[in-house]
Amino acid sequence: MPASPLRLLPLASSFHSAEQVVATVEAIGRDLEARGIPHRPVTDPAEADALLVVTGGTEALALRAAEARPGPVLLVAHPSQNALPASLEILAHLRQAGRAGRIVLLNGKEEGYGQLRRAAGHLAARERLGRARLGRIGAPSDWLVASMPDPALVKAAWGPEVVDVSLAEVRDALAAADPAQVADRVRDFRSGASRVVEPSDRDLEMAARVTLALREVVARHRLDACSVRCFELVTDLGTTGCLGLSALLDDGIVAGCEGDIPAALTMLWMQALGTGPAFMANPQDLDAATGTLWLAHCTIARRLVKTYALRSHFESSLGVGLQGEVPPGPVTLARVGGADLRGLFVSDGELDENGDSELRCRTQVRVRLEEGLDSLLERPLGNHHVLVPGHWARAMREYHAFVVA
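Because the structure is a prediction, the values reported are computed rather than measured.

**Considering the overall build of the chain**
Reasoning step 1: The number of helices and strands found in the chain is 13 helices and 18 strands.
Reasoning step 2: The C-alpha atoms of the chain give 24 Å as radius of gyration, which agrees with the globular expectation for 405 residues (22 Å, within 12%).
Reasoning step 3: Counting only C-alpha atoms, the chain reaches 80 × 50 × 40 Å along its principal axes.
Reasoning step 4: In the chain, which comprises 405 residues, the proportion classed as buried is 54%.
Reasoning step 5: In the chain, the proportion of contacts linking residues at least 24 apart, taken out of those at least 6 apart, comes to 76%.
Reasoning step 6: Here the chain displays about 16700 Å² of accessible surface, and carbon together with sulfur accounts for 52% of that area.
Reasoning step 7: For the chain, the separation between the mean place of its 42 positive charges and that of its 50 negative charges on side chains is 2 Å.

**A closer look at the pairing of strand β1 (residues 6-11)**
Every regular strand shows the same layout, with side chains that alternate between the two sheet faces.
Reasoning step 1: Across the six residues that make up β1, a large majority, five, are buried.
Reasoning step 2: In the sheet, β1 pairs with strand β2 (residues 39-41) via three bridges, with the strands oriented parallel. From the neighbouring strand, Leu 8 faces β2, where its bridge partner is Pro 41.
Reasoning step 3: A crossover links β1 with its parallel partner β2, the connecting element being helix α1 (residues 18-34), and its sense is right-handed.
Reasoning step 4: Two strands pair when backbone bridges link them, and β1 and strand β3 (residues 50-53) are joined in this way by four bridges, in the parallel orientation.

**Here's the deal with the sheet that holds strand β6 (residues 133-137)**
Hydrogen bonds between backbone groups are what pair the strands of a sheet, and the pairing can be parallel or antiparallel.
Reasoning step 1: Read from one edge of the open sheet, four strands run β7-β6-β9-β10, paired in parallel fashion. Two strands bound the open sheet, and with one partner strand each, they are β7 (161-165) and β10 (254-257). With strand direction ignored, the average angle separating the axes of adjacent strands in the sheet is 20 degrees.
Reasoning step 2: Pairing analysis gives four bridges linking strand β9 (residues 225-228) to β10, with the strands arranged parallel. Within the sheet, the bridge partner assigned to Cys 226 lies in β10 and is Ala 255.

**A closer look at the nonpolar core**
Soluble globular proteins: nonpolar side chains tend toward being buried together.
Reasoning step 1: Of all hydrophobic cores here, the largest spans 111 residues; its most connected members are Leu 74, Leu 116, Ile 137, Trp 158, Leu 310, Leu 387 and Tyr 399.
Reasoning step 2: Sequence-distant contacts of Leu 387, that is, excluding residues within four places in its chain, are made with Ala 278, Phe 279, Leu 295, Val 331, Thr 332, Leu 333, Leu 351, Val 365 and Val 367.
Reasoning step 3: Among the nonpolar cores identified, the runner-up in size contains 18 residues, and Val 42, Ala 48, Ala 86 and Leu 91 belong to it.

**Some words on the pattern of salt bridges**
Reasoning step 1: Applying the stated criterion across every chain yields a total of 35 salt bridges.
Reasoning step 2: With a closest N to O distance of 2.9 Å, Glu 232 and Arg 229 form a salt bridge.
Reasoning step 3: Using a relative accessible area of 23% as the deciding quantity, one classes Glu 232 as partly exposed.
Reasoning step 4: With relative accessibility at 18%, the residue Arg 229 sits in the buried group.

**Remarks on the environment of Val 42**
Reasoning step 1: The topology assignment puts Val 42 in the loop between β2 and β3.
Reasoning step 2: You can call Val 42 buried: its relative accessible area is 5%.
Reasoning step 3: Sequence separation between Val 42 and Leu 8 is 34 residues, and the spatial gap between their C-alpha atoms is 5.9 Å.
Reasoning step 4: Once residues within four sequence positions are removed from consideration, Val 42 is found in contact with Arg 7, Leu 8, Leu 9, Pro 10, Glu 47 and Ala 48.

**Overview of the sheet that holds β2**
Reasoning step 1: Taken in spatial order, the five strands line up as β2-β1-β3-β4-β5 in an open sheet, and their pairing is parallel. Across the chains shown, the open sheet's two edge strands, defined by having one partner strand only, are β2 and β5 (101-105). For this sheet, the mean angle separating the axes of adjacent strands, direction not counted, is 30 degrees.
Reasoning step 2: Relative to strand β4 (residues 73-77), β3 is paired through three bridges, and the arrangement is parallel. Among the inter-strand pairings, Leu 52 is bridged to a residue of β4, identified as Val 76.
Reasoning step 3: Across the sheet, helix α4 (residues 110-131) touches β1, β4 and β5, and the angle it forms with β5 is around 150 degrees.

**Focus: unusual backbone geometry**
Reasoning step 1: A positive phi angle, near 55 degrees, is found at Gln 81, a position not held by glycine.
Reasoning step 2: With respect to the element layout, Gln 81 can be found in the loop between β4 and α3 (83-96).
Reasoning step 3: For Asn 82, which is not a glycine, the phi torsion comes out positive at approximately 60 degrees.
Reasoning step 4: Among the secondary structure elements, Asn 82 is positioned in the loop between β4 and α3.

**Description of the packing of helix α2 (residues 59-67) against α3**
Reasoning step 1: Running from N to C, α2 and α3 point in directions that differ by 40 degrees, and their axes come no closer than 9 Å. In this view, α2 runs oblique relative to α3, as classed from their interaxial angle. Of the two elements, α2 crosses α3, and the hand of that crossing is right-handed. Together, Glu 59, Ala 62, Leu 63 and Ala 66 of α2 and Ala 86, Glu 89, Ile 90, His 93 and Leu 94 of α3 make up the contact between the two elements.
Reasoning step 2: Of the residues that constitute the contact of α2 with α3, the class distribution is six nonpolar, one polar and two charged.

**So, the state of the cysteines**
Reasoning step 1: Per the stated rule, a full pass over the model turns up zero disulfides.
Reasoning step 2: Unpaired in this structure, Cys 257 has its nearest cysteine sulfur neighbour in Cys 230, at a distance of 4.9 Å.
Reasoning step 3: Assessed through its relative accessible area of 7%, Cys 257 is described here as buried.

**A word on the packing of α4 against helix α11 (residues 261-273)**
Reasoning step 1: For the pair α4 and α11, interaxial distance at closest approach is 9 Å and the crossing angle is 135 degrees. One element, α4, and the other, α11, form an angle in the oblique class. Here α4 runs over α11; the crossing is right-handed. Seen from α4, the contacting residues are His 122, Ala 125, Arg 128 and Leu 129; seen from α11, they are Leu 268, Trp 269, Ala 272 and Leu 273.
Reasoning step 2: Classifying every residue of the contact of α4 with α11 by side-chain character gives six nonpolar, one polar and one charged.

Quick notes on the rules
- Residues numbered from 1 in each chain as written.
- Predicted model: local features only at pLDDT ≥ 70, side-chain atom pairs only at ≥ 80, totals over all residues.
- Heavy atoms only, no water.
- Helix = DSSP H or I, 4+ residues; strand = E, 2+ residues; numbered from the N terminus.
- Rg over C-alpha atoms; globule rule 2.2 N^0.38 Å.
- Buried < 20%, exposed > 50% of the residue type's maximum accessible area, 1.4 Å probe, protein only.
- Contact = heavy atoms within 4.5 Å.
- Areas by Shrake-Rupley, 256 points an atom, 1.4 Å probe, with all protein chains shown as cover.
- Lys, Arg positive; Asp, Glu negative; His and termini not counted.
- Charge placed at Lys NZ, Arg CZ, Asp CG, Glu CD.
- Pairing = 2+ DSSP bridges.
- Right-handed = clockwise from strand over helix to strand, strands pointing away.
- Axes fitted to C-alpha atoms, helices over the stretch in contact; angles between N-to-C directions.
- Core = buried A, V, L, I, M, F, W, Y, C linked by side-chain atoms within 4.5 Å.
- Salt bridge = Lys/Arg side-chain N within 4 Å of Asp/Glu carboxyl O.
- Parallel < 35°, antiparallel > 145°, perpendicular 65-115°, else oblique.
- Left-handed = near helix turned anticlockwise from the far one by under 90°.
- Nonpolar A, V, L, I, M, F, W, Y, C, P; charged D, E, K, R; others polar.
- Disulfide = S-S within 2.5 Å.

Put into structure tokens, the structure is as follows:
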């Protein structure tokens, strides 16, 4: 359900009776009210969320209205007065021009009203993404050769503005962190942990300083999401960003690793749809015959785990990482990518096991996916994939087909 009423712009040809047009619009309004779909008519195309095609002969009107508002075009049709034929022609032209959109037919069947609810929710999510600021804190890690999209492409395909932030700002904020706040952060992470294995007191202090520094930089630049070139913290300062990213995720700020913008964008999109925090991870092993996939990374939101241990960072054996135990249950795995950033991998599944291998990143989970494992080996969109609790694949595919593809 959208947070605000769906704004409908009625379109009708002057050839049709004005009385009949009014009667049709009012009847559609009553049907929406009866099903609890908030809406209101508008007269300014720039304000419209959807075009209500009342009659035929409205193709030119609709195209002019679409020009006034960028993004996907939602056409609402009904089964009389040639509304559906006009809608088909309008959407065909928009698709030829490279515009995304879809038709929802309200013909008394409940599925149509369900589609309208979901489409309105997708438009609301797209609006949130269009206001979002995605920080690229440091350049993407050198090995992410397929994950360095142009910021203009991110904006055009998905909506967020990419904001470049120097990693030097994190270093400066880290050095200036308040010792009392650092001690508070150390106590918070230590008190919640089931055990502390490798990290020393110095490791925990430095990780806490990174946590405070990332929060300060995110607030300074008004970021809704970020992805951090975290390995430079390892090589330059002997610490890691794992605890800092975990803390940001717990605070509702999307936070990804290694400067991977497509992965962070996937996390941001999923959060806009209502998923909550996500686990960004590396696929480690898969079995297409059983549909199982192991995923691992050294940071995860504490909101996503039952328990966690404080470990060293896997590759470097430095700093502090999180080894979380994730509850079993329904999950969705996804990633966006491709040359035009409009590719999508998504599958529902079940998380059925946590791992404890010393040869992988610290938090390790096995998921059993419903589909798509072969495509990971044949047509991958990149390394990092994003895991969230619950089944979201249908909603994501609908959004993608309507708003992005």
